[in-house]
Amino acid sequence: MNLTSSSRTEWMAAACAAASGLLLYAAMPPLEWTAATWIALVPLLVMARQVPARLALKMGGFSALLFWLLSVRFLTHVSVAGWLFLSAYCALYFLPTVWLANRWRGEAAGFAASVAVVWCGSEFLRGWIFGGFPGNTLGVGLAPWRAAIQLAEFGGVWLVSGLAVFANALLVWAVAERRGWRALAAGALAVAAALGWGAWRAEHLPAPARSLRVALVQTAIPQDEKWVTSKIQMIYERLTELTRQAQSDPQVELIIWPETALPDDVRNSEPSYALVWSLCTNGTPILTGSLDAALLDSGETQYFNSAFLFDEEGRIAGEYDKRHLVIFGEFIPFARWIPARWQAALGLPESISAGKEGSIFHAGAARIPLAPLICFEDMLAELARADVRAGARMLVNITNDAWFDERIAPRQHMLNAVFRAVENRVPMVRAANTGVTCAIEPSGRVTAFLSDGAGRTDGPGVLWADVPVPADDAPLTFYARFGDMYGIACAAATVLWLATAAWKRRKQPKEF
């Protein structure tokens with residue numbers, strides 16, 4: 001077997017690819033080096049400009065795989081195979097940008113704009129194909145810096161990613177080409193202007209004239225105890241203790257429990273319903289997550305991951321079934337065609353059914369319209385937008401991230417959710433089983449979060465928050481009215497460019 005040593009060019013390309021992968025990882029939790037977002041792609045794309053296309057694509061895949069393996073390594077708590085597969089799948093979406101950088105023969109301004117379009121188009125497609133995985137877009141790395149994320153009210157998180165990629169591409173051109181300085185200066189001024197406007201916009205949003213006093217309950221039930229029969233009484237006692245603590249504030253208008261806070265189906269469980277009834281009739285409505293079940297005409301039972309609003313008399317005043325389910329976590333693809341005995345032998349869980357539409361609940365003395373989002377639904381911009389267009393002026397996320405680790409997954413989840421508030425200019429509150437339980441302003445600022453004071457956000461407790469809420473007739477943002485026009489346009493341009501480039505490459509005469 002003959003082994004050939006790598007050339008100096010290959011080693012340098014690998015070093016550049018690794019540098020970008022590590023910088024992208026550093027921009028996300030747990031490190032959150034926000035400044036890294038502005039330079040993370042520079043080593044990778046400079047390398048792509050200077051090496052053959054095949055090597056550029058190979059190193060682009062390596063860089064992307066390194067980033068995804070590190071940033072979503074919390075998935076190993078659930079499935080190592082799933083972690084590897086998702087990382088490899090998401091890495092594919094880096095390749096169009098690397099290929100464009102390698103092939104570009106134009107000038108600086110066109111290069112920066114084109115790289116931004118293809119990167120955002122690829123991110124949008126990743127968030128849409130096969131149900132989508134929109135997490136950890138490049139824009140999420142800028143979530144802690146409010147000045148940089150205000151553009152989301154026009155083009156969603158994709159436009160914020162576009163701003164970051166545009167800045168990266170300007171630096172790439174300056175390092176790799178060292179020409180086109182006027183275009184580079186104009187591009188830098190455009191980025192500075194966008195940041196300046198964002199800083200002004202974040203501080204000058206209209207102040208709502210009404211608010212809702214909420215108490216967010218974090219139960220901190222370990223995932224391996226949530227469905228254990230012997231732990232049911234412990235769950236009831238913790239919910240009772242924390243809810244009575246929340247009710248110690250007489251100004252509270254709504255208490256919110258996390259996703260599947262109850263250990264069974266509250267609609268059909270006498271003990272669970274009795275618990276909720278006993279606490280609601282103390283005068284405070286409760287919004288909680290729970291399983292739900294419906295008996296079909298065929299005799300089969302259909303299950304849902306649901307949210308219920310119980311009023312002061314213990315009656316169900318609103319209900320919502322989760323619309324976007326997690327593959328293999330909440331449903332098994334093609335389960336209906338798998339024989340029952342095989343499902344039992346493989347230990348496959350019962351699949352949950354998806355809800356058909358959003359729901360608007362009304363809470364507080366002002367009857368404030370709010371929309372529940374369950375689990376990772378707050379990472380799906382189209383769901384929050386649809387709810388706001390339907391009349392919601394506040395978003396409520398109830399979630400359970402106890403499947404994963406205590407720090408990285410909950411923090412990443414929360415930073416992704418920040419953009420739903422900015423895109424629609426409505427507040428969001430999040431009640432999580434193990435964190436991050438928090439309140440988010442329409443500007444994207446996290447005004448309060450539950451913590452033990454030493455930085456840990458995964459323990460049990462109650463967070464009280466006064467949530468300013470826009471009026472029912474408040475004007476919709478450009479994004480809420482027109483949706484993902486920017487993302488769709490970028491995706492269409494990316495697909496068209498890839499198809500055209502592939503066709504031209506196929507037509508080229510082969511060299512022997």
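Each residue is numbered by its place in its chain's sequence as written, counting from 1. Residue-level local features of this predicted model are given only where pLDDT is at least 70; pairs of side-chain atoms are given and counted only at 80 or more, and the full residue set underlies all totals for whole chains, interfaces and linings. To obtain the side-chain values, all non-hydrogen atoms of the structure were included, while hydrogens and water were left out.

**Student:** What should I look at first to understand the sheet that holds strand S7 (residues 368-374) in this one?
**Tutor:** Two modes of strand pairing occur in sheets, parallel and antiparallel, and in both the strands are linked by backbone hydrogen bonds. The strand order across the open sheet built from 6 strands is S6-S7-S8-S9-S10-S11, with neighbouring strands paired in mixed fashion. Since the sheet does not close on itself, it has two edges, and those belong to strand S6 (361-363) and strand S11 (446-449), each with one partner. For this sheet, the mean inter-axis angle between neighbouring strands, taken without regard to orientation, is 25°. Where S6 meets S7, 3 bridges bridge the pair, whose relative direction is antiparallel. Bridged to Phe-361 within S7 is Leu-370. Sheet strands in contact with helix H13 (residues 381-389) are S7 and strand S8 (395-399), and its direction is about 160° off that of S7. In the packing of helix H14 (residues 408-424) onto the sheet, contacts are made with S8, strand S9 (428-432), strand S10 (438-440) and S11, and the angle to S9 comes to roughly 155°. Strands pair, by our definition, only if DSSP identifies at least two bridges between them. Numbered from the N terminus, helices here are DSSP runs of H or I no shorter than four residues, and strands are runs of E no shorter than two. What counts as an axis is a line fitted to C-alpha atoms, over the stretch in contact for a helix, and the angles between N-to-C directions run from 0 to 180 degrees. The contact rule is simple, with two residues in contact once any of their heavy atoms fall within 4.5 Å.

**Student:** What exactly am I supposed to notice about the pairing of S9 here?
**Tutor:** Successive residues of a regular strand alternate their side chains across the two faces of the sheet. Burial of S9 is extensive: 5 of the 5 residues sit out of reach of the surface. Here S8 runs beside S9; their pairing, made up of 5 bridges, is parallel. Within the sheet, the bridge partner assigned to Leu-395 lies in S9 and is Met-428. By convention, a crossover is right-handed whenever its connection, traced from the first strand over the helix to the second and viewed with the strands pointing away, goes clockwise. This β-α-β element, S8 to H14 to S9, shows right-handed connectivity. A simple rule labels every residue: compare its accessible area, found with a 1.4 Å probe on the protein chains alone, to the largest value its type can have, and call it buried under 20%, exposed over 50%, or partly exposed in between.

**Student:** Even after reading the chapter, I still don't get unusual backbone geometry, so can you show me in this structure?
**Tutor:** Trans is the common state for peptide bonds, and a negative phi is the common state for residues other than glycine. At the junction of Pro-29 and Pro-30, the peptide bond is cis and its omega measures out at 15° in the coordinates. Between Gly-435 and Val-436 the backbone carries a cis peptide bond, its omega angle lying at 5°. Structurally, Val-436 can be placed in the loop between S9 and S10. We note that Glu-32 has phi near 55°; this positive angle belongs to a residue other than glycine. Residue position: Glu-32 is located in the loop between helix H1 (8-27) and helix H2 (42-50). Positioned with a positive phi, Ala-220 is a non-glycine residue whose angle comes to about 55°. Positionally, Ala-220 belongs in the loop between strand S1 (210-218) and helix H10 (232-246).

That's the geometry; what it means functionally is another story.
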